[in-house]
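# Structural characterization, general
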Amino acid sequence: MFDALPLGTLLSLVATVLVLVFFVTSGDSATLVLGMMSTGGNPDPKARVKLVWGLLVAGIAASLLLAGGIKAVQTATIVFALPFTLVIVLMAMALWRAVREDWRAEQRRERELRRRLRELVGRE
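These lines cover the structure that appears in this document, whether it is placed above or below. Nothing here was measured: the structure is a model prediction, and the numbers come from that model.

This brings us to the overall build of the protein. Regarding its fold elements, the protein presents two helices and zero strands. Relative to the globule expectation of 14 Å for 124 residues, the C-alpha radius of gyration of the protein, 27 Å, shows a markedly less compact shape. In terms of overall dimensions, the protein has C-alpha extents of about 85 × 50 × 30 Å along its principal axes. A buried classification covers 6% of the 124 residues belonging to the protein. Accessible area for the protein stands at about 10800 Å²; split by element, carbon and sulfur atoms hold 72% of it. Where the 15 positive side-chain charges of the protein centre and where its 10 negative ones centre are 7 Å apart.

Together, L5, L7, L10, L11, L13, V14, V17, L18 and V21 make up an exposed nonpolar region whose accessible area comes to about 820 Å². With respect to the helices and strands, V21 occurs in helix 1 (residues 8-38).

On to the pattern of salt bridges. Counted by the stated rule, this structure contains six salt bridges. One salt bridge in this structure joins E112 and R115, with 2.2 Å as the shortest N-O distance. Residue E112 and its partner R115 are both found in helix 2 (residues 47-123); the two are separated by three residues, about one turn of the helix. Residue class for E112 comes out partly exposed when judged on its relative accessible area of 30%. Note on R115: relative accessible area 35%, which makes it partly exposed.

Here the focus is helix 2. The end-to-end C-alpha distance of helix 2 is 73 Å, clearly below the 114 Å that 77 residues give at a rise of 1.5 Å each. The sharpest bend along helix 2 reaches about 125° and sits at G68. Every buried residue belonging to helix 2 is among A72, A76 and A105, and all of these are buried.

A few words on the packing of helix 1 against helix 2. Where helix 1 contacts helix 2, the axes come no closer than 9 Å and their chain directions differ by 120°. Classified by the angle between their axes, helix 1 and helix 2 sit oblique to one another. With respect to the hand of their crossing, helix 1 and helix 2 are arranged in right-handed fashion. Mapping the contact onto sequence places T31, L32, L34, G35 and S38 in helix 1 and V49, K50, W53, G54 and V57 in helix 2. Classifying every residue of the contact of helix 1 with helix 2 by side-chain character gives five nonpolar, four polar and one charged.

Definitions and limits used
- Residues numbered from 1 in each chain as written.
- Predicted model: local features only at pLDDT ≥ 70, side-chain atom pairs only at ≥ 80, totals over all residues.
- Heavy atoms only, no water.
- Helix = DSSP H or I, 4+ residues; strand = E, 2+ residues; numbered from the N terminus.
- Rg over C-alpha atoms; globule rule 2.2 N^0.38 Å.
- Buried < 20%, exposed > 50% of the residue type's maximum accessible area, 1.4 Å probe, protein only.
- Areas by Shrake-Rupley, 256 points an atom, 1.4 Å probe, with all protein chains shown as cover.
- Lys, Arg positive; Asp, Glu negative; His and termini not counted.
- Charge placed at Lys NZ, Arg CZ, Asp CG, Glu CD.
- Patch = residues over 30% accessible without salt bridge, like charges linked within 9 Å, V, L, I, M, F, W, Y side chains within 5 Å.
- Salt bridge = Lys/Arg side-chain N within 4 Å of Asp/Glu carboxyl O.
- Expected span 1.5 Å × (residues − 1).
- Bend = angle between axes of the 7 residues up to and from the residue.
- Axes fitted to C-alpha atoms, helices over the stretch in contact; angles between N-to-C directions.
- Parallel < 35°, antiparallel > 145°, perpendicular 65-115°, else oblique.
- Left-handed = near helix turned anticlockwise from the far one by under 90°.
- Contact = heavy atoms within 4.5 Å.
- Nonpolar A, V, L, I, M, F, W, Y, C, P; charged D, E, K, R; others polar.

In short, the description is geometric, and any link to function would need to be established separately.
Structure (structure tokens):
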């Protein structure tokens, strides 16, 4: 892939190490989160719980790779992530409503402040 670049072999090695680090840290984070969720929110789940989750996640990834290669992993990623698009859309709608309500409340406060200011100025 990096054959046309200077130091192509070194760049290929660095890219491979970076991808490996990415997968290891992602897997570690996933096992920590899954461990926390399965132990009722405990921020420091036992190593055994994390090990079980790590083996399960690795087993799923390995079976997908063996069954259909990288294409199966890509398809599974899309299928598993698709429901979260609904969550994201609902979060965006909630944010929109909250910002709109804050804006309306601020407008009401400003109108009340102007009314009081006019009353004060009118008394003098």
